[in-house]
Amino acid sequence: MCGIAGAIEGRLRAAPALEDIAWKMVVPLAHRGPDSGGVWVDAEAGIALGHRRLSIIDLSPAGAQPMVSTSGRYVLSYNGEIYNTDDLRSELEARGAVFRGRSDTEVLLEACAAWGVEQTARRLIGMFAFALWDCRGRCLYLVRDRMGIKPLYYSAAPERFLFASELTGLRAHPSFDRTVDREAVEAFLALDYVPAPHSIFRDARKLQPGTILRVSAAAPTAVEITPYWTLAEAAQRGAANRFPGSFEDATDELERLLSDAVQRRMVSDVPLGAFLSGGIDSSTVVALMQKQSAQPVRTFTIGFANAAFDEAPFAKAIAGHLGTDHTEHYLTPGEILEHGPAVLAHHDEPFADNSLLPTRFVSHLARRDVTVALTGDGGDELFGGYHRHLAAERIANHPAMSYGPGGKALYRGLIPLLPRRLRAATNRLHRGRAFEPLSTTEMRMLAVAIANPEQIACRLAHGRIRCVGGKGVAPRAIAPAMAAWLEESRVLAASERQQYIDAASYLPDDILTKVDRASMAVSLEARVPVLDHRIVEFAWRLPPAMKTDGSGTKRILRSLLARYVPEDLFQRPKRGFVGPLSSWLQGPLCDWADSLLRKEVNLRRGVVDPAAAEAARRRLRGGRFRPADFRQVVLAAWCDAHLNP
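Only a predicted model underlies this, so the values are computations on that prediction, with no experimental measurement involved.

Some details on the overall build of the chain
Right, so step 1: Within the chain one finds 27 helices and 19 strands.
Right, so step 2: By the compact-globule yardstick of 26 Å for 645 residues, the chain fits well, its C-alpha radius of gyration being 25 Å.
Right, so step 3: Here the chain holds 645 residues, and the buried ones make up 59% of them.
Right, so step 4: Looking at the chain alone, contacts between residues at least 24 apart form 72% of all its contacts between residues at least 6 apart.
Right, so step 5: Here the chain displays about 24000 Å² of accessible surface, and carbon together with sulfur accounts for 51% of that area.
Right, so step 6: Side chains of the chain carry 79 positive and 73 negative charges; the gap between the two charge centres is 6 Å.

Here's what the structure looks like:
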């Protein structure tokens with residue numbers, strides 16, 4: 001895994017100055033690639049490409065970047081891993097290509113030279129974000145993988161174009177404008193993250209998953225972005241071409257696809273292991289790894305003294321059954337105090353996912369022994385792993401939704417007025433009709449959905465989103481996207497619409513961002529086999545009942561895992577990989593958080609709202625922690641780390 005950065009300078013034509021800019025931009029990315037670094041410039045065109053390398057495949061200098069193609073026409077700076085490298089290499093060799101080394105970088109470069117950027121991107125199996133410079137056409141291509149596993153930011157301004165793996169790379173450029181985007185702050189306070197294509201800075205954008213950006217050296221602001229793959233098309237094709245076989249057939253096919261995805265991601269010239277939380281997703285990945293490994297797989301987990309959050313015993317039991325070489329570590333208050341502030345401030349933009357700290361600590365634990373770790377991320381979003389996926393289906397299929405206008409009006413008007421016990425009693429009014437009883441919260445949501453079924457998707461979405469077609473209460477940065485997601489998912493079942501919304505933003509902008517930053521901070525490459533695009537496309541073909549039904553979430557993944565692990569080791573309520581955040585903030589991190597929320601230099605910048613910061617500070621001191629308070633702490637920590645001198 002690596003860090004990439006570069007610049008097109010409209011007026012700068014001096015090689016030493018271009019080299020200096022490129023080095024300044026890649027130095028802050030050294031944690032992404034500690035093994036080596038390089039810069040390539042074309043002074044006549046005003047282009048500079050930079051790279052930091054974490055050596056995984058072909059550790060020799062033959063894999064160094066930026067890399068120039070055999071023809072001399074193309075130059076590549078690349079972050080990621082291509083898992084069908086051998087297949088592509090064989091095809092290219094049949095066309096006459098001669099390779100100097102074994103790296104996937106060289107294969108990617110020669111593939112682009114032979115087939116073009118778009119056709120190459122369509123043929124790749126992997127995670128990637130790369131910059132390709134065409135010396136003849138004097139244009140730059142930026143490409144990001146289908147699901148957004150690897151990050152890529154860019155900034156287009158008069159006389160210059162910049163790109164980097166992280167915002168810290170852009171900020172290192174002397175002309176980058178650090179003005180904070182107020183709409184991005186608003187979105188963060190609602191979602192816990194800044195949604196693409198926005199960034200925390202007005203001068204920067206995220207390249208969205210599955211897209212190719214093209215920009216010419218002659219016109220750095222004339223950015224063209226085109227998709228080569230879209231989640232919408234994958235979901236719509238899946239809905240129109242459902243898997244025709246039985247549930248057992250579908251489980252067989254998922255096992256085949258996931259086994260292949262895991263096997264491809266176990267290729268490495270450096271030590272390899274896996275995160276194991278004890279949940280369905282990571283346990284399935286580890287089971288398939290161990291099946292295909294002659295040696296015990298190295299597995300890692302983090303535990304907590306608070307039993308309500310601790311899944312380490314479950315992970316240990318599964319590791320014992322599978323025979324992995326398991327390492328666990330229980331976090332102490334002292335470790336949280338010593339390292340927590342730096343972890344929370346490390347992100348290049350505000351980020352308040354409550355599992356960030358555990359993910360960073362398990363990455364650090366794994367990095368002591370391995371350089372590559374497989375994870376189970378993506379299973380929830382693809383296979384219906386959240387309660388909101390079940391709730392959407394229950395509400396949409398409730399008998400009250402099929403009433404006539406009069407019955408709907410009566411039911412809708414009655415539910416909100418009833419006391420809690422009477423609301424629950426309405427679940428029993430439909431005897432003889434099979435449906436899953438709704439919770440009190442779901443009953444209130446049903447009252448809203450009867451009038452507007454679209455509100456099911458909005459009100460169950462992650463974060464504070466309450467909009468349909470741009471109307472309602474929602475961050476201005478997310479409302480148009482939400483309207484588009486609702487339209488794109490119209491042909492899907494209710495549970496699938498929730499999965500689609502999660503996969504469109506929450507997955508790349510929160511889950512995958514968290515994993516990338518937490519792992520790369522310690523120079524660990526995290527690989528995500530569940531998000532192999534072949535599995536993504538297969539998941540959308542599955543009938544909804546194969547993923548969520550009355551028996552619970554992730555039905556097909558549970559069925560697959562049961563082939564390797566006894567059900568009593570994993571059949572339990574979902575917890576998620578989170579730690580006792582409120583205890584940490586009101587305990588070992590309380591003084592640190594308090595000082596941030598009081599700090600005048602943060603408040604004066606106008607990013608942190610003084611009234612909100614003071615309210616959060618009082619609640620933290622008074623033992624009345626709320627999730628919104630964590631967002632205020634994170635925002636203040638980011639300002640302190642990235643805006644203050």
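Overview of the sheet that holds strand S11 (residues 211–216)
Strand pairing in a sheet relies on backbone hydrogen bonds. The paired strands run either parallel or antiparallel.
Right, so step 1: The antiparallel open sheet is built from 6 strands, whose spatial order is S4-S5-S6-S7-S11-S12. Edge positions in the open sheet fall to strand S4 (67–68) and strand S12 (219–227), since each of these has one partner strand only.
Right, so step 2: Here 2 bridges tie S4 to strand S5 (residues 74–82), and the two strands are oriented antiparallel to one another. Note that in S5 the partner of valine 68 across the bridge is valine 75.
Right, so step 3: Relative to S5, helix H3 (residues 104–115) is tilted by about 125 degrees, and along the sheet it contacts S4, S5 and strand S6 (126–134).

Topic: the environment of glutamine 208
Right, so step 1: Mapped onto the elements of the fold, glutamine 208 is located in the loop between strand S10 (205–206) and S11.
Right, so step 2: For glutamine 208, a relative accessible area of 36% corresponds to the partly exposed category.
Right, so step 3: Once the C-alpha coordinates of glutamine 208 and glycine 148 are considered, the two residues, 60 residues apart in sequence, prove to be 7.0 Å apart.
Right, so step 4: Residues contacting glutamine 208, with those up to four places away along its chain left out, are Arg144, Ala196 and Pro197.

Observations concerning the nonpolar core
Right, so step 1: Counting 166 residues, the largest nonpolar core has Phe130, Leu132, Leu170, Ile200, Phe383 and Leu531 as its most contacted members.
Right, so step 2: Ignoring sequence-local partners within four residues, the contact set of isoleucine 200 consists of Leu167, Thr179, Val180, Asp181, Ala184, Val185, Val194, Asp348, Glu349, Pro350 and Trp638.
Right, so step 3: Formed by 19 residues, the second largest nonpolar core is a distinct cluster that contains Leu49, Ala131, Trp133 and Val215.

Re the sheet that holds strand S8 (residues 153–157)
Right, so step 1: Reading across from one edge, S2-S3-S1-S9-S8-S10 is the order of the 6 strands in this open sheet, with antiparallel pairing throughout. Both edges of this open sheet fall to strand S2 (36–42) and S10, since each of them pairs with a single strand only.
Right, so step 2: In this sheet, S10 lies alongside S8 in antiparallel orientation, the contact comprising 2 bridges. Note that in S10 the partner of tyrosine 153 across the bridge is lysine 206.
Right, so step 3: Contacts from helix H1 (residues 15–26) reach strand S1 (2–9), S2, strand S3 (47–53) and strand S9 (160–164) within the one sheet, and its direction differs from that of S2 by about 145 degrees.

Quick word on the pattern of salt bridges
Right, so step 1: Using the criterion set out here, one finds 50 salt bridges in the structure.
Right, so step 2: Across the pair arginine 490 and glutamate 487 runs a salt bridge whose closest N-O atoms are separated by 3.2 Å.
Right, so step 3: Between arginine 619 and aspartate 629 there is a salt bridge, with the nearest N and O atoms lying 2.7 Å from each other. One end of the pair, arginine 619, is in helix H26 (residues 610–621); the other, aspartate 629, is in helix H27 (residues 627–642), and 10 residues separate them in sequence. Aspartate 629 carries the same exposure label as arginine 619, and that label is buried.
Right, so step 4: Put simply, Asp591, Asp594, Arg598, Glu614, Arg617, Arg618 and Arg621 are held in one network by salt bridges that share partners.

What to know about the environment of glutamine 290
Right, so step 1: Note that glutamine 290 resides in helix H9 (residues 280–291).
Right, so step 2: Residue glutamine 290 is classed as buried on the basis of its relative accessible area, which comes to 14%.
Right, so step 3: Residues glutamine 290 and histidine 462, spaced 172 residues apart in sequence, show a C-alpha to C-alpha distance of 34 Å.
Right, so step 4: Excluding its chain neighbours within four sequence positions, the residues that come into contact with glutamine 290 are Gln295, Pro296, Val297, Leu322, Gly323 and Thr324.

Some thoughts on the packing of aromatic side chains
Right, so step 1: The tally for this structure, following the rule as stated, stands at 9 aromatic pairs.
Right, so step 2: Between the aromatic rings of phenylalanine 243 and phenylalanine 538, the centroid separation amounts to 5.7 Å while the plane-to-plane angle is 85 degrees, which identifies the pairing as edge-to-face. Here phenylalanine 538 lies in helix H21 (residues 533–541) and phenylalanine 243 lies in the loop between helix H7 (231–240) and helix H8 (247–264), a separation of 295 residues in the sequence.
Right, so step 3: The exposure class assigned to phenylalanine 243 is buried, which follows from its relative accessible area of 14%.
Right, so step 4: Judged by relative accessible area, phenylalanine 538 falls into the buried class, the value being 4%.
Right, so step 5: An aromatic cluster is present here, built from Phe176, Phe201 and Trp638 joined pairwise through their rings.
Right, so step 6: The lysine or arginine in question, arginine 123, covers the ring of tryptophan 115, its NZ or CZ lying 3.8 Å from the ring centre.
Right, so step 7: Above the ring of tyrosine 506, the side-chain terminus of arginine 388 is found at 5.5 Å from the ring centroid.

Structural notes on the pairing of S8
Right, so step 1: Burial analysis of S8 places 4 of its 5 residues in the buried class, which makes it a mostly covered element.
Right, so step 2: As defined by bridge partners, S8 adjoins S9 across 5 bridges and the pair is classed as antiparallel. Residue pairing in the sheet places alanine 156 in a bridge with phenylalanine 161 of S9.
Right, so step 3: Count of turn residues in the S8/S9 antiparallel hairpin: 2 residues, of which glutamate 159 carries a positive phi of about 75 degrees.

A closer look at the packing of H8 against H21
Right, so step 1: Where H8 meets H21, the axes come as close as 9 Å, and the angle between the chain directions of the two elements is 165 degrees. Viewed along their axes, H8 and H21 adopt a mutual orientation that is roughly antiparallel. As for the relative orientation of H8 and H21, their crossing is left-handed in sense. For the pair formed by H8 and H21, the contact residues are Ala250, Glu253, Leu254, Leu257, Leu258, Asp260, Ala261 and Arg264 on the first element and Arg534, Ile535 and Phe538 on the second.
Right, so step 2: Split into classes, the residues belonging to the contact of H8 with H21 amount to 7 nonpolar, no polar and 4 charged.

Calculation criteria
- Residues numbered from 1 in each chain as written.
- Predicted model: local features only at pLDDT ≥ 70, side-chain atom pairs only at ≥ 80, totals over all residues.
- Heavy atoms only, no water.
- Helix = DSSP H or I, 4+ residues; strand = E, 2+ residues; numbered from the N terminus.
- Rg over C-alpha atoms; globule rule 2.2 N^0.38 Å.
- Buried < 20%, exposed > 50% of the residue type's maximum accessible area, 1.4 Å probe, protein only.
- Contact = heavy atoms within 4.5 Å.
- Areas by Shrake-Rupley, 256 points an atom, 1.4 Å probe, with all protein chains shown as cover.
- Lys, Arg positive; Asp, Glu negative; His and termini not counted.
- Charge placed at Lys NZ, Arg CZ, Asp CG, Glu CD.
- Pairing = 2+ DSSP bridges.
- Axes fitted to C-alpha atoms, helices over the stretch in contact; angles between N-to-C directions.
- Core = buried A, V, L, I, M, F, W, Y, C linked by side-chain atoms within 4.5 Å.
- Salt bridge = Lys/Arg side-chain N within 4 Å of Asp/Glu carboxyl O.
- Phe/Tyr/Trp six-rings, centres within 6.5 Å; stacked < 30°, edge-to-face > 60°.
- Lys NZ or Arg CZ within 6 Å of the ring centre and 35° of its normal.
- Parallel < 35°, antiparallel > 145°, perpendicular 65-115°, else oblique.
- Left-handed = near helix turned anticlockwise from the far one by under 90°.
- Nonpolar A, V, L, I, M, F, W, Y, C, P; charged D, E, K, R; others polar.

Function cannot be read off these values alone, since they describe shape.
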